[in-house]
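Structural characterization, general
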Amino acid sequence: MPADPPSRPLAAPVERVEPASVEPVSPEPVPPPVPGSRAGPRGRPWARLAAILAVAPVLRLAVARYAVPPGAPDRTACPTCGTPLALDRPWPALGPAARCPACRSRVGAPPGTVEVAVLAALAVLVSAGGTPGERAALAWWLGWAVPLVFVDAAVHRLPDRLTWPAAVGVQALLGVAALAAAGPAPWLRAAAAGAGLALCFAATTLVLGRRGFGLGDAKLALGAGALLGWYGWPVLVLGVLVTFTLSALTSLALLLARRVRWSSHLPFGPFLVLGTVVTLLLVR
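Residues numbered from 1 in each chain as written. Predicted model: local features only at pLDDT ≥ 70, side-chain atom pairs only at ≥ 80, totals over all residues. Heavy atoms only, no water.

1. Here we look at the overall build of the chain
Scanning the chain from N- to C-terminus turns up nine helices and zero strands. Beginning at the N terminus, the succession of helices and strands in the chain can be written as α-α-α-α-α-α-α-α-α. Residue burial in the chain is summarised as follows: out of 284 residues, 38% are buried. Partitioning the intrachain contacts of the chain with sequence separation of at least 6 by distance along the chain shows that 66% fall at a separation of at least 24. As presented, the chain carries roughly 17,200 Å² of accessible surface, and 67% of it is formed by carbon and sulfur atoms. (Helix = DSSP H or I, 4+ residues; strand = E, 2+ residues; numbered from the N terminus. Buried < 20%, exposed > 50% of the residue type's maximum accessible area, 1.4 Å probe, protein only. Contact = heavy atoms within 4.5 Å. Areas by Shrake-Rupley, 256 points an atom, 1.4 Å probe, with all protein chains shown as cover.)

2. Description of the packing of helix α5 (residues 160-182) against helix α6 (residues 184-208)
Viewed as axis vectors pointing N to C, α5 and α6 meet at an angle of 160°, and their least axial separation amounts to 8 Å. Relative to α6, the element α5 is oriented roughly antiparallel. In this structure, α5 meets α6 at a crossing whose hand is right-handed. Touching Q171, L174, G175, A178 and A182 of α5 are P184, P186, W187, A190 and A191, all from α6. Split into classes, the residues belonging to the contact of α5 with α6 amount to eight nonpolar, two polar and no charged. (Axes fitted to C-alpha atoms, helices over the stretch in contact; angles between N-to-C directions. Parallel < 35°, antiparallel > 145°, perpendicular 65-115°, else oblique. Left-handed = near helix turned anticlockwise from the far one by under 90°. Nonpolar A, V, L, I, M, F, W, Y, C, P; charged D, E, K, R; others polar.)

3. Considering the pattern of salt bridges
A full pass over the atoms with the stated rule returns three salt bridges. The closest approach of N and O atoms between R161 and D74, which form a salt bridge, is 3.2 Å. Remark: D74 occurs in the loop between α1 (43-66) and α2 (91-94) and R161 occurs in helix α5; sequence separation between them is 87 residues. Using a relative accessible area of 26% as the deciding quantity, one classes D74 as partly exposed. (Salt bridge = Lys/Arg side-chain N within 4 Å of Asp/Glu carboxyl O.)

4. Looking at the packing of aromatic side chains
All chains considered together, the criterion is met by six aromatic pairs. Between F244 and F268, the ring centres sit 5.4 Å apart and the planes meet at 45°, which makes this aromatic pair tilted. Within this pair, whereas F244 is found in helix α8 (residues 233-256), its partner F268 is found in the loop between α8 and α9 (269-283), the two being separated by 24 residues in sequence. By relative accessible area, which is 34% here, F244 ends up partly exposed. These aromatic residues form a ring-pair network of at least three members: F201, F213, F244 and F268. (Phe/Tyr/Trp six-rings, centres within 6.5 Å; stacked < 30°, edge-to-face > 60°.)

5. With respect to the side chain of T205
The topology assignment puts T205 in helix α6. Apart from the residues within four sequence positions on either side, T205 is in contact with F213, G214 and L215.

6. Structural notes on the confidence of the model for the chain
The share of residues in the chain with pLDDT of 70 or more is 81%, and the mean pLDDT across the chain is 85. This stretch, residues 5-12, has a pLDDT under 50; its non-local contacts, to residues over four places away or in other chains, come to zero contacts. Overall, residues 30-43 carries pLDDT values under 50, and its contacts beyond four positions in sequence, including any with other chains, amount to five contacts. (pLDDT = per-residue confidence, 0-100.)

This is the structure in structure tokens:
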């Protein structure tokens with residue numbers, strides 16, 4: 001009788017390895033944002049609103065006072081009824097409504113426009129960045145540039161009482177920034193750039209007369225050229241190109257819309273301000 005075949009050995013049992021228990025790690029607590037800081041988004045609208053309420057009446061008063069034809073005295077009262085204009089009275093004329101409380105006629109810049117301009121200036125300061133000295137110089141220049149834009153758009157005039165403080169303050173604050181960290185080279189370049197751009201604008205007035213740029217544009221260029229030249233000569237050239245491009249495109253659009261003629265003279269101050277701001281946002 002044949003022998004039974006040897007039985008095959010059974011496979012060794014596989015031990016079951018229990019997974020190691022991992023203790024959950026609790027996330028570190030994040031401190032709540034401080035109201036009014038950059039981390040606290042709820043504080044930003046209130047800060048911006050407070051800045052607009054504090055600055056806009058002053059800028060509205062400057063527009064109402066200096067938006068007069070060349071050679072005319074500064075406006076100190078409502079042009080319709082003669083109600084005096086000051087920061088303490090009347091509030092409706094210097095607020096967003098821009099209406100005289102006595103006769104309800106419009107005073108100065110159109111309603112709401114100055115407040116929108118102040119909000120845009122604050123957005124530019126936040127986006128541009130830079131050192132505290134650079135931001136202070138830009139903030140100073142924008143504070144004077146806002147009323148200059150409205151005055152030039154209304155009466156084609158850039159008064160000395162607004163252009164000179166803007167230029168001198170920019171040079172002084174850039175000098176502080178140079179002493180703090182940047183050194184003398186950027187400040188000297190900024191001074192040369194502002195003076196050179198102003199001389200170029202003034203030369204067109206001497207050569208072309210009324211067809212050239214006005215002396216007010218040259219004085220406004222002192223501050224604009226300094227801000228652009230602080231970051232280098234290529235930035236100054238870019239700013240000039242952007243400014244003239246914006247002016248040319250706007251003129252062409254108005255010509256096609258038959259809003260102006262070939263002989264019309266557009267104010268150049270708003271384009272110089274806008275071109276400077278756009279260039280600074282591009283290079284920062």
